[in-house]
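One letter stands for each residue in the lines below.
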Amino acid sequence: MPIPLHPRAEACGKVILLGEHSVVYGHPAVAAGLPQGVCLQAVPREHAKLPISLSIPQWQLELELRADSEHPVARACLEVLTHCDGPVTGWAITGTTCLPARAGLGSSAALTVALARLVLGEHADLDELVDASLAGERVFHGEPSGLDSRVAAQGGVLRFVRGAGAEPVPLAGPLPLLLIPSNIPRSTAIQVAKVRARLERQRSVITPTLSALGAAAEASIRALAHQDLTALGELMTIAHHLLGAIDVSSPALDALQASALAAGALGAKLTGAGGGGCLLVLPPTDPSALLTAFATYEPLLVEVHP
Ligand code: MEV
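Here is what the cut-offs are and how they apply
Per-chain numbering applies: the sequence of each chain, read as written, is numbered from 1 onward. Only residues with pLDDT of at least 70 are given local features in this predicted model, and only at 80 or more are side-chain atom pairs given and counted; all residues enter the totals for whole chains, interfaces and linings. Only heavy atoms go into the side-chain values, all of them from the structure, while hydrogens and water stay out. DSSP-based pairing: two strands are paired if at least 2 bridges between them are found. Note on conventions: DSSP H or I runs of at least 4 residues are helices, E runs of at least 2 residues are strands, and numbering of each starts at the N terminus. What makes a residue near a molecule or strand is one non-hydrogen atom of that residue sitting within 4 Å of it. Distance and chemistry together define a polar contact, namely a pair of N or O atoms within 3.5 Å, with one atom able to donate a hydrogen and the other to accept it when in protein, and with adjacent residues in sequence counting only for side-chain atoms on both sides. Reported accessibility uses the Shrake-Rupley method at a 1.4 Å probe radius. Residues are deemed covered only where the shown protein chains occlude them. Residue type decides the class: Asp, Glu, Lys and Arg count as charged, Ala, Val, Leu, Ile, Met, Phe, Trp, Tyr, Cys and Pro as nonpolar, and the leftover types, Gly among them, as polar. An automatic or database domain assignment supplies the residue ranges for each domain. By definition in these notes, contact holds between two residues if any of their heavy atoms fall within 4.5 Å. By convention, the term buried area covers the 1.4 Å-probe accessible surface removed from two parts as they join, with the contributions of both added. Take a side-chain nitrogen of Lys or Arg and a carboxyl oxygen of Asp or Glu: if they are within 4 Å of each other, that pair is a salt bridge. Any residue under 20% of the maximum accessible area for its type is buried, any over 50% is exposed, and the rest in between are partly exposed; the area is computed with a 1.4 Å probe on protein chains only.

Glancing now at the pairing of strand β2 (residues 29-44). In this sheet, β2 lies alongside strand β1 (residues 8-18) in antiparallel orientation, the contact comprising 9 bridges. For Glu-10, the partnering residue across the bridge sits in β2 and is Cys-39. In this sheet, strand β6 (residues 157-161) lies alongside β2 in antiparallel orientation, the contact comprising 4 bridges. Across the sheet, residue Val-30 finds its bridge partner in β6, namely Arg-159. Relative to strand β5 (residues 91-97), β2 is paired through 7 bridges, and the arrangement is antiparallel. Looking at β5, one finds that Cys-39 is bridged to Thr-96.

Encoded structure:
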């Protein structure tokens, strides 16, 4: 018999409302979990010594988790399983997901948290899940802040500070959000390195820019508590420009952001690491003009609940 796994586990995707990148430097961020991000199911393979197989058709992922594999997903998954004292052979794991991969919606954190839950169970301690997920996330992203893993494990809308965990953010009502995929893939590690390089070159300018991003996240908590969507939208738009100033936007994202505002968005910004990925839009009460303007991008309308 292989070391046991639970038969099924889930984790959330995430959307960062405010505070990406500045969170790496200790400023607060606000993010929401996207329910049913990744769902994994495990069944024993015919022999306990066979490598673990992992199949996630929506990501065109078909892998065997072999110790000598160079595939980052295989390496990350083995790190997570080893961290949790879980099995490293003997299981077939299949996954389903609605999250596009590498689009800034926390796909890798959702995968690594769901995998840790297969070992530790659905009632596992959140800190333990986050630590296990981070063992895998480091393979993908270098030194992540832990925000994505925390939201993947905990869900809801969270205020997160690196090293200090997360607390739920009260919402006065449901929050509709529109996610517009730019269809440009990007690497979080490269984006984080670009910010670090600009900070090192222009410390006296970039340090207050990072603080302003943190202040926008803090101010968004007040806006959410009062359902003040005008203020929230303005903060998102300001954040987009500050993120441009720290070198993580792109001409394509800037053009999408301007089009969203022209089509009536209350606010719009890149979300996640930037460089590509998704544009996050706060729609007006009637989002139809926005949905029409971006129909070819197949936008995703989600509602975040208190
Ligand atoms: C990536 O989803 C969020 C970043 O702030 C990186 C991190 O928090 O580790 C860009």
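Now that the structure has been shown, we can carry on.
To continue, consider the site of the ligand. As a matter of local geometry, the ligand sits amid Lys-14, Ile-16, Glu-20, His-21, Val-23, Val-24, Pro-144, Ser-145, Asp-148 and Ala-273. Between the ligand and Ser-145 there is a distance of 2.6 Å, counted from an oxygen atom to a side-chain nitrogen or oxygen. In this structure, an oxygen atom belonging to the ligand sits 2.9 Å away from a side-chain N or O atom of Asp-148. Bound to the protein, the ligand loses 96% of the 300 Å² it would expose on its own. Residues of the shell around the ligand, tallied by class, amount to 5 nonpolar, 2 polar and 3 charged.

Per the domain assignment, the segments making up the protein are domain 1 (8-168) and domain 2 (175-304). The distance between the C-alpha centroids of domain 1 and domain 2 comes to 24 Å. Across the contact, 24 residues belong to domain 1 and 40 residues belong to domain 2. Interface area, domain 1 with domain 2, both sides summed: about 2500 Å², of which 70% is carbon and sulfur. Glu-218 serves as the salt-bridge partner of Arg-159, at 2.9 Å between the closest nitrogen and oxygen. Across the contact surface, domain 1 and domain 2 share 9 residue pairs in polar contact (both at pLDDT 80 or more). Every element with two or more residues in the side of domain 1 that touches domain 2 is listed here: β1, β2, α3 (126-141) and β6. The residue makeup of the side of domain 1 that touches domain 2, split by class, is 15 nonpolar, 6 polar and 3 charged.

A separate point is the pattern of salt bridges. Two side chains with opposite charge may pair up if their charged atoms get near one another. Taken as a whole, this structure holds 9 salt bridges when the rule is applied. Between Lys-14 and Asp-148 there is a salt bridge whose closest N-O contact spans 3.0 Å. Within this pair, whereas Lys-14 is found in strand β1, its partner Asp-148 is found in helix α4 (residues 147-154), the two being separated by 134 residues in sequence. Just as Lys-14 is buried, Asp-148 falls in that class too. The partner of Glu-64 in a salt bridge is Arg-66, with the nearest N and O atoms 2.6 Å apart. Under the relative-accessibility criterion, Glu-64 is labelled partly exposed at 28%. Classification of Arg-66 as partly exposed rests on a relative accessible area of 42%. Linked through salt bridges whose partners overlap, the residues forming this network are Arg-45, Glu-64 and Arg-66.

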